[in-house]
Amino acid sequence: MKTAWMVLLYLFIFGLSLYFYSTQLNGPTADLHQRLLPVEIKTIKAGMSEDELQKIVEDAKQGGDTLSIAGMQHSQGGQTVYPDGIMIDMKPYNQIIEVNEEKKTVMVQSGATWANIQEAINPYGLSLKVSQSQNIFTIGGSLSVNAHGLDIRNGSLADTVVSMRLMNADGEILQLSPQENTELFYAALGGYGLFGIILDVTLQLTDDELYETDTARMTYSDYPSYFKQHVQKNPDAKMHLARISIAPESFMKDMYAITYKTASDQGQLSAYQELKTENLVAVPKFFLGLSRINEAGKDSFWNAQKTYTKQIDGNLVSRNNVMRSDSEFMEYDNSRKTEILQEYFVPVDQFEDYIPEMKAVLEAHPDFNLLNVTIRYVEQNEKAVLSYAKEDMFSLVLLVNQGTDAESIEKTQQVVREMIDVTLAHNGSYYLPYFGYPTKAQMQAAYPKTEEFFELKDRLDPEHRFMNLFYEEYRP
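Remember, predicted model here, so these are calculated numbers, not experimental data.

**Student:** Mind showing me how you'd approach the packing of helix H10 (residues 351-363) against helix H11 (residues 406-425) here?
**Tutor:** For any two helices packed against each other, one specifies the crossing angle of their axes together with the interaxial distance. Across the interface, H10 lies against H11 with an axial gap of 10 Å and an inter-helix angle of 165°. On the basis of the axis angle, H10 is roughly antiparallel to H11. H10 and H11 meet at a crossing whose hand is right-handed. Together, Tyr354, Glu357, Met358, Val361 and Leu362 of H10 and Val415, Glu418, Met419, Val422 and Thr423 of H11 make up the contact between the two elements. Of the residues assigned to the contact of H10 with H11, the class counts are seven nonpolar, one polar and two charged.

**Student:** Please explain the environment of Ile246 as it appears in this structure.
**Tutor:** Among the secondary structure elements, Ile246 is positioned in the loop between strand E14 (237-244) and strand E15 (254-262). With a relative accessible area of 9%, Ile246 lands in the buried category. Setting aside chain neighbours within four positions, we find Ile246 in contact with Phe251, Lys298, Leu370, Leu371, Asn372 and Val373.

**Student:** Sorry if this is basic, but what is going on with the sheet that holds E14 here?
**Tutor:** Taken together, eight strands build an open sheet; the order of strands is E16-E13-E15-E14-E18-E19-E17-E20 and the sheet is antiparallel. Since the sheet does not close on itself, it has two edges, and those belong to strand E16 (316-318) and strand E20 (429-430), each with one partner. Against the sheet, helix H8 (residues 295-312) contacts strand E13 (210-219), E14, E15 and strand E18 (369-378), and its axis sits at roughly 30° relative to E15. Along the sheet, H11 makes contact with strand E17 (337-347), strand E19 (393-403) and E20, crossing E17 at roughly 10°.

**Student:** Would you mind going over unusual backbone geometry with me for this structure?
**Tutor:** Excluding glycine, most residues fall at negative phi; most peptide bonds, likewise, are trans. The phi dihedral of Asn181 falls on the positive side, at around 50°, and the residue is not glycine. Inspection of the secondary structure assignment puts Asn181 in the loop between strand E11 (173-176) and helix H5 (182-188). When its relative accessible area of 38% is taken as the criterion, Asn181 is described as partly exposed. Residues other than glycine seldom take positive phi values, yet Asn427 does so here, at roughly 60°.

**Student:** What is the right way to look at the sheet that holds strand E6 (residues 86-89) in this model?
**Tutor:** One key point about sheets: their strands pair by backbone hydrogen bonds, in either a parallel or an antiparallel sense. In space, the three strands of this open sheet follow the order E4-E6-E5, with parallel pairing throughout. In this open sheet, the two strands that pair with only one neighbour each are strand E4 (43-46) and strand E5 (67-70). Adjacent strand axes in the sheet meet at a mean angle of 30°, parallel and antiparallel pairs treated alike. Docked against the sheet, helix H2 (residues 50-63) engages E4, E5 and E6, running at close to 155° with respect to E5.

**Student:** Looking at this structure, I do not really get the packing of aromatic side chains. What am I missing?
**Tutor:** The geometry of an aromatic ring pair is captured by two quantities: the separation of the ring centres and the angle between the planes. A full pass over the atoms with the stated rule returns 20 aromatic pairs. On the numbers, 5.4 Å between centres and 80° between planes, the contact of Tyr388 with Tyr431 is edge-to-face. Of this pair, Tyr388 sits in the loop between E18 and E19 while Tyr431 is found in the loop between E20 and helix H12 (440-446), placing the two residues 43 residues apart along the sequence. For the pair Tyr388 and Tyr431, a shared accessibility class is recorded, and that class is buried. On the numbers, 5.5 Å between centres and 70° between planes, the contact of Phe454 with Tyr471 is edge-to-face.

**Student:** Looking at this structure, how should I read the nonpolar core?
**Tutor:** The nonpolar side chains of soluble globular proteins are, as a tendency, buried together. Counting residues in hydrophobic clusters, the biggest one holds 119 residues, and the most contacted among them are Tyr223, Phe351, Ile375 and Met419. With seven residues, the top contributor of residues to this core is E19. Met419 has contacts with Tyr344, Met358, Val361, Leu362, Phe368 and Leu398, leaving out every residue within four places of it along the chain. Grouped together as the second largest cluster of nonpolar side chains are 15 residues, Leu53, Ile56, Met90 and Phe466 included.

**Student:** Help me understand the side chain of Ser429, please; the structure alone is not making it clear to me.
**Tutor:** Relative to the helices and strands, Ser429 resides in strand E20. Given a relative accessible area of 1%, Ser429 falls into the buried group. A polar side-chain atom of Ser429 sits 2.6 Å from the main-chain carbonyl oxygen of Tyr388.

**Student:** Teacher, can you tell me more about helix H3 (residues 114-121) here?
**Tutor:** In an α-helix, one turn spans 3.6 residues, which is why side chains three or four residues apart end up on the same side. Where H3 is concerned, the buried positions are Trp114, Ala115, Ile117, Gln118 and Ile121. Each buried residue of H3 lies within a common arc of 160° when the element is viewed along its axis, so the set occupies one face. Elements that come into contact with the buried residues of H3 comprise strand E7 (96-100), strand E8 (105-109), strand E9 (126-128), helix H4 (139-144), strand E12 (197-207) and helix H9 (319-322).

Rules used throughout
- Residues numbered from 1 in each chain as written.
- Predicted model: local features only at pLDDT ≥ 70, side-chain atom pairs only at ≥ 80, totals over all residues.
- Heavy atoms only, no water.
- Axes fitted to C-alpha atoms, helices over the stretch in contact; angles between N-to-C directions.
- Helix = DSSP H or I, 4+ residues; strand = E, 2+ residues; numbered from the N terminus.
- Parallel < 35°, antiparallel > 145°, perpendicular 65-115°, else oblique.
- Left-handed = near helix turned anticlockwise from the far one by under 90°.
- Contact = heavy atoms within 4.5 Å.
- Nonpolar A, V, L, I, M, F, W, Y, C, P; charged D, E, K, R; others polar.
- Buried < 20%, exposed > 50% of the residue type's maximum accessible area, 1.4 Å probe, protein only.
- Pairing = 2+ DSSP bridges.
- Phe/Tyr/Trp six-rings, centres within 6.5 Å; stacked < 30°, edge-to-face > 60°.
- Core = buried A, V, L, I, M, F, W, Y, C linked by side-chain atoms within 4.5 Å.
- Polar contact = N/O pair within 3.5 Å; in protein donor to acceptor, adjacent residues only side chain to side chain.
- Arc of directions from axis to C-beta.

Geometric values such as these leave the question of function open.
Have a look at this one:
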């Protein structure tokens, strides 16, 4: 039996797979990223029904107002806000419409969270195919960033969408799917709310399963071959993540991997199907706090993680619980600092050469406070207009602590742009929902259909009813 602190440490390091840090709205100012991006907006409106949302759109059209769309407001690059615009809060529009046990589908309004869906489908023995690593995000938000998760067999979230309904700038409701209004379907998935309001979505589900946890340790140079042989080619391997050390003693060298494999005895599944909750956060906060402070803290945390991987090896867990992680322990409140994410995608076969070059960039900037690097696998998928996986990729999610003053922002921007240049040189790309440090040229290099995306926006919404700062920053 694991000790209490090991259990808490598990919740912490699993939860670092992906997290968009919380933001707050204060009256007419939307502070999109903890003092990095305060924006004056006109007002916030919410709709609990289709008719109410339609009225918001029609009133905005008559009044000449711009609209931005927000769920949990975690996107860091201005995707949910526009100056002097009306922000539509989608969280109240959150009903689970139908769970179809026979077809293994769920129909849900876009303001519902992944946690809401899990609670609805778990009693049927069903599970999501793909979701974000934390379950606090809204479905509409995740679709708008074309999220991916820990599952290595089901591609991106877009691949699990059977159909969805979208309200356009005229208040008209359109049915979208891979077969119907296809162009708009693949623009809205990863479209950052620029094409209309995603109303409801039908998702393809799969069966809940019992997994056995398999852990391994290695160096970065051994990881690609380990992944290909022991994970990718193993049909029992269903979910996977890895981490590379940010501790000075083993910086960007040592790694560990966690793979969730189909357990041989599925008859035990019922004993593990109760959805877990994460109520205790003190120990995870403590370990993250150590990493923020100094190099000794980073070393201590990495050593604890290595011990932890031994403790969980062979543990059993349901699929739904692997995909269920809260984020309360990640909350960070500092008047002078904040934390950002970056995510870079690099082809699997480029990983071994890529890591030393990334390491060189980071070592050239010793004040760059990197707290964590989580690695996941993303299968090639170029269906969405703004697709990030041009081939089979490893994604590296970086958690960074930085100051909020102008000098700190400028320093972080320099490092981020250097890291993106290295990534692009290895035929990689980067994820768009984060703070707007990348240049326009970098976006166009990472996303060859950038111009097509914005031209679609301008054609389908010529009056620019739906707008955000991302559009203003990166429109060619």
